Amino acid sequence: HDGKVKQIVGSTLSYRDDTGKGTGLRDNFFAGYYASYYAGLYAHDGLKGGHVILLNAKDSPGYASTKEAALRALATYPGGLQAGGGITDENAAEFLSAGASHVIVTSYVFSNGNICYNHLDRLVSAIGREHVVLDLSCRRLPGTTDYMIVTDRWQKFTDTKLSDRLLSDLSQWCDEFLVHAVDAEGKVNGIEEDVVRILAGSPIPVTYAGGISSVADLAKIRDLSDGHVNVTVGSALSLFGGALDYREVLNCTRSWS
């Protein structure tokens, strides 16, 4: 965000934060290093699948510096990182050419709250299914037990429910799923167990994010999904100001594979 690596409380990011007209964005951590530093660290440790997310809107003042930082990270670890944030069929190839293994897409595949299969077809035609990660980040719909997909930087509810059927349906257009439990994202206060249970039924690789605070949370995800669900850790990680040691995470998760 604005060219700097930061960890945020996911549900607080809105367009107004980019323009300086709002104060809703809550930061957990500002890194003292550029994104390329972390890319080099992950490359050294052979840790693939990290996420470089461009949080600025394309028409915001900070987008140019954010994009430059992301491209440098991708070039530092070619084939090792995934890129997301404002990805469409028109710009996806640029990030792949810069070194991304996959692009992560959310808002582009939804239109008026529903899945836009035409956009999915265009994306796959442009870069191939093997380079697509669909971000199905979700929030619990107030007053229900349903988790609904959210778009537009996690601020807008769609009419699409996270379910086994949805995962099966969309798997033909992508190589992986990434699912942030948005209401837990960045709070380092425990995972959304019901989301993990749904993801366990995915027919393709799937990664859970949101609320992970300890090795016990990692073990819980492993147990709830019978080892099927991957994890991404952000604000809790020692690299980003948290208490969860980076090396400990690497060692324990590698022992499970």
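Computed from a predicted model, the values in this text were never measured in an experiment.

Undergrad: Which parts of the structure should I look at to understand the sheet that holds strand 9 (residues 138-140)?
TA: Two orientations exist for strands paired in a sheet by backbone hydrogen bonds: parallel and antiparallel. If you trace the 3 strands from one edge of the open sheet to the other, you get 9-10-11, paired in antiparallel fashion. The open sheet has two free edges, formed respectively by strand 9 and strand 11 (156-161), since each of these has just one partner strand. On average, each strand axis in the sheet is inclined to that of its neighbour by 45°, with strand direction left out of account. Pairing of strand 10 (residues 147-151) with strand 11 involves 3 bridges; the strand directions are antiparallel. Each bridged residue has a counterpart across the sheet, and for Thr151 the counterpart in strand 11 is Lys156.

Undergrad: Mind showing me how you'd approach the sheet that holds strand 13 (residues 206-209) here?
TA: One open sheet accounts for 7 strands, arranged 3-4-5-8-12-13-14; its pairing is parallel. Because the sheet does not close on itself, it has two edges, and the strands there are strand 3 (50-53) and strand 14 (229-232). Taking each pair of neighbouring strands and ignoring which way they run, the sheet shows an average axis angle of 30°. Taken together, the 3 bridges between strand 8 (residues 132-135) and strand 12 (residues 176-180) define a ladder with parallel strand orientation. From the neighbouring strand, Asp135 faces strand 12, where its bridge partner is Leu178.

Undergrad: Is there a simple way to explain the pairing of strand 8 in this structure?
TA: Across a regular strand the side chains alternate sides, sitting on one face of the sheet and then on the other. Residues Val132 and Leu134 of strand 8 are buried on one face, and the alternating residues Val133 and Asp135, pointing to the opposite face, are buried as well. Here 3 bridges tie strand 5 (residues 102-105) to strand 8, and the two strands are oriented parallel to one another. Each bridged residue has a counterpart across the sheet, and for Val103 the counterpart in strand 8 is Val132.

Undergrad: Would you mind going over the packing of aromatic side chains with me for this structure?
TA: Working definition: an aromatic ring pair is given by the centre-to-centre distance plus the angle between the planes. According to the stated counting rule, one finds 6 aromatic pairs in the structure shown. Clustering of aromatic rings is evident, with ring pairs tying together Tyr33, Tyr37, Tyr38 and Phe240.

Undergrad: How do you make sense of the nonpolar core when you look at a structure like this?
TA: Among soluble globular proteins, nonpolar side chains are generally buried collectively. If you look at the biggest cluster of nonpolar residues, it comprises 67 residues, and the most contacted ones within it are Leu136, Leu162 and Tyr208. For Leu162, the contacting residues outside a window of four places in its chain are Leu136, Cys138, Tyr147, Ile149, Leu167, Val179, Val195, Ile198 and Leu199.

Undergrad: I would appreciate a short explanation of the confidence of the model for the protein chain in the present structure.
TA: Note that predicted coordinates carrying low pLDDT should not be read in detail. For the protein chain, per-residue confidence averages 89 on the pLDDT scale, and 90% of positions sit at 70 or higher. Note on residues 19-23: pLDDT under 50 across the span, and 4 contacts to partners over four residues away in sequence or across chains.

Undergrad: It is not clear to me how unusual backbone geometry should be interpreted in this structure. Could you clarify?
TA: Note: most residues except glycine have negative phi, and most peptide bonds are trans. Although it is not a glycine, Asp2 adopts a positive phi angle of roughly 55°. Counting through the fold element by element, Asp2 comes out in the segment before strand 1 (6-8).

Undergrad: Can you help me understand the environment of Ile191 in this one?
TA: Along the polypeptide, Ile191 turns up in the loop between strand 12 and helix 7 (193-199). Between the alpha carbons of Ile191 and Asp217 there is a distance of 6.8 Å; along the sequence they are 26 residues apart. Excluding its chain neighbours within four sequence positions, the residues that come into contact with Ile191 are Val196, Tyr208, Gly210, Gly211, Ile212, Asp217, Lys220, Ile221 and Leu224.

Undergrad: Sorry if this is basic, but what is going on with helix 2 (residues 35-44) here?
TA: Spacing of three or four residues puts side chains on the same side of an α-helix, whose turn is 3.6 residues. Buried within helix 2 are the following residues: Ala35, Tyr38, Ala39, Leu41 and Tyr42. Down the axis of helix 2, the buried side of the element spans an arc of 160°, and every buried residue falls inside it. Gly46 lies just past helix 2 and shows a positive phi near 65°.

Cut-offs applied
Residues numbered from 1 in each chain as written. Predicted model: local features only at pLDDT ≥ 70, side-chain atom pairs only at ≥ 80, totals over all residues. Heavy atoms only, no water. Pairing = 2+ DSSP bridges. Helix = DSSP H or I, 4+ residues; strand = E, 2+ residues; numbered from the N terminus. Axes fitted to C-alpha atoms, helices over the stretch in contact; angles between N-to-C directions. Buried < 20%, exposed > 50% of the residue type's maximum accessible area, 1.4 Å probe, protein only. Phe/Tyr/Trp six-rings, centres within 6.5 Å; stacked < 30°, edge-to-face > 60°. Core = buried A, V, L, I, M, F, W, Y, C linked by side-chain atoms within 4.5 Å. Contact = heavy atoms within 4.5 Å. pLDDT = per-residue confidence, 0-100. Arc of directions from axis to C-beta.

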